[in-house]
Amino acid sequence: MPGSVGSVWLWSISIVVLLGLLVADFVVTRRPHEVSMREAVGWSVFYLALPVFFGLWLWLDFGSRPAVEFMTGFVVEKSLSVDNLFVFMLLLAAFAVPPAVQQRVLLYGIVGALVLRGVFIAAGAAMLAAGTWAFLVFGLVLFASAVKILREAMSGGDAERDLSQLRSVRLLRKLMPVTDEYRGASLTVRVNGRRALTPLAVVAVAVFATDVVFAVDSVPAVYGITEDPYLVFATNAFALLGLRALYFVLRSALAKLVHLNHGLAIILAFIGVKLVLHWAHGIWPGVPEVPTPLSLAVIVVVLATVTCTSLRARRRETATAERE
C-alpha cells in the first residue's frame, strides 16, 4: 500500500516474531498452574516494553509521524483490550474456570482476537482502497459502538449478562456432549469410546464469540488514527499479546474501574468524529481535521479522568458501606 511503512520483509519478520511469541506463551501455559503476581508482572513489563522500543525504532527509521500514530493507536487498542478483560473476567466466573487453567483460556481468546482482527484489518484496507467513503462507514460504526457501550455502562448490562447462554455456546452443547468437570488443559477427551468436549472448550468458544464484537469496534478505531494497515496490525498485535499477563495483574483492580466504559464510549465517539471530519475534508477542503498528537492528548486525558473518577466513586461506596 502506498505510504505504508510495512515492506514485505517487515511484514514477514513481524508475523514470524508474533508466532514465536504465541508459541512461547503456549509453552508457558502448557503445564496448568496458578499465575503468581511476580510472574504476571514480569510478563506485563516485557509486553509493555516491546511497543515502546518498537515506537522508538519507527521514530528513528521512519520519522515522527508513523511513530506517533503507532503509539496513539496502541493506547487506544490497549484501552479497548482492558474492556476485553472485563468480559474475560465474567466468562471465567460464569464457567467457574479453575485458576490453574485460566491463563490457557485467555491465550485462546488472544489467538482468536488476533485472527479476527487480521481479517478485519484486511477488509478495512480493501474498503479504504475503494474510496474515502470507508471513513464515513467507520465513523458511523464507532458512533453506534459508543452509544451501545454507554447504554450498557449506564444500565449495568454487562454485569447481568449470562455469557453461558451465548448462541455459539448453546449450539456447541447440542452438537457434542460436554463433560461435567475440567480435564486440565484438554479441550476434548474420550468418554465411553466417544469424543466429548470439556468445559474448557466451551469457554474457548464463548471467548471467541465475544472476540468478534471487540474486533468490530477496535479495527475501525485504530483506522481512525492511521491509514497504514501495517501500523493497524502492529497496534493490535502489541495490545493483545500482553493481555494474558495483564489480566492477572489487574483482575483485582478491574472491578474498581467502574467508569472505564464511559471513557471508552467517549474515546470511540471522538475517533468517530475524527473519521467523519477526515472524510468530509476530502470532499470539502475547508473542513478541519483532527491532528494525531491532539488525538493522543484527548485519549490520555479521558483515560486519566475516568480512572480518577472511578477510584473516587469506589472510595465513596466504601465509606458509605462502613457508615452503614
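Look above for the structure.
Remember, predicted model here, so these are calculated numbers, not experimental data.

**Q** Help me get a handle on the overall build of the chain, residues and values and all.
**A** Along the backbone of the chain there are twelve helices and two strands. Along the chain, helices (α) and strands (β) appear in the sequence α-α-α-α-α-α-α-β-β-α-α-α-α-α when read from the amino end. The buried share among the 324 residues of the chain stands at 46%. Counting only contacts in the chain whose residues sit at least 6 apart along the sequence, the fraction spanning at least 24 positions is 78%. Accessible surface, the chain: about 15,700 Å² in total, of which carbon and sulfur atoms supply 68%.

**Q** Requested: an account of the packing of aromatic side chains, with residues and values cited.
**A** Inspection of every chain in the model, using the stated rule, returns 15 aromatic pairs. Here F26 and Y108 contribute two aromatic rings whose centre-to-centre distance is 6.1 Å and whose plane-to-plane angle is 55°, an arrangement assigned as tilted. Of this pair, F26 sits in helix α1 (residues 8-28) while Y108 sits in helix α4 (residues 102-130), and the two are 82 residues apart along the sequence. F26 gets classed as partly exposed once you look at its relative accessible area, which sits at 28%. Between F54 and W57, the ring centres sit 5.7 Å apart and the planes meet at 40°, which makes this aromatic pair tilted. Highlighted residues: F54 and W57, both in helix α2 (residues 37-62), separated by three residues, approximately one helical turn. The class for F54 is buried, based on a relative accessible area of 13%. The exposure class of W57 is partly exposed, given its relative accessible area of 27%. Taken together through their ring pairs, the aromatic side chains of W11, F54, W57, F62, F70, F74, Y230, F233 and F238 make up a single cluster.

**Q** Could you give me a rundown of a nonpolar patch on the surface, with the residues and numbers involved?
**A** There is a patch of nonpolar side chains on the surface, built from W9, I13 and V17 and spanning about 310 Å² of accessible area. When you line up the elements, V17 lands in helix α1. With a relative accessible area of 46%, V17 lands in the partly exposed category.

**Q** Can you break down the pairing of strand β1 (residues 188-191) residue by residue, with the values?
**A** Both faces of the sheet carry side chains from a regular strand, because those side chains alternate between them. Here β1 runs beside strand β2 (residues 194-197); their pairing, made up of four bridges, is antiparallel. Opposite R190, over in β2, you have R195 as the bridge partner. Between β1 and the antiparallel strand that follows it, β2, lie two residues; N192 among them carries a positive phi value of about 55°.

**Q** With reference to specific residues and values, describe the side chain of T226.
**A** For T226, the position within the fold is in the loop between α8 (199-223) and α9 (229-241). In terms of polar contacts, T226 uses its side chain to reach the side chain of E69, at 2.9 Å.

**Q** Run through helix α5 (residues 133-155), naming residues and quoting values.
**A** For α5, spanning 23 residues, the distance from its first C-alpha to its last is 34 Å, which sits close to the expected 33 Å at 1.5 Å a residue. Residues of α5 that are buried include every one of A134, F135, F138, G139, L142, S145, A146, I149 and E152, and no others.

Parameters at a glance
Residues numbered from 1 in each chain as written. Predicted model: local features only at pLDDT ≥ 70, side-chain atom pairs only at ≥ 80, totals over all residues. Heavy atoms only, no water. Helix = DSSP H or I, 4+ residues; strand = E, 2+ residues; numbered from the N terminus. Buried < 20%, exposed > 50% of the residue type's maximum accessible area, 1.4 Å probe, protein only. Contact = heavy atoms within 4.5 Å. Areas by Shrake-Rupley, 256 points an atom, 1.4 Å probe, with all protein chains shown as cover. Phe/Tyr/Trp six-rings, centres within 6.5 Å; stacked < 30°, edge-to-face > 60°. Patch = residues over 30% accessible without salt bridge, like charges linked within 9 Å, V, L, I, M, F, W, Y side chains within 5 Å. Salt bridge = Lys/Arg side-chain N within 4 Å of Asp/Glu carboxyl O. Pairing = 2+ DSSP bridges. Polar contact = N/O pair within 3.5 Å; in protein donor to acceptor, adjacent residues only side chain to side chain. Expected span 1.5 Å × (residues − 1).

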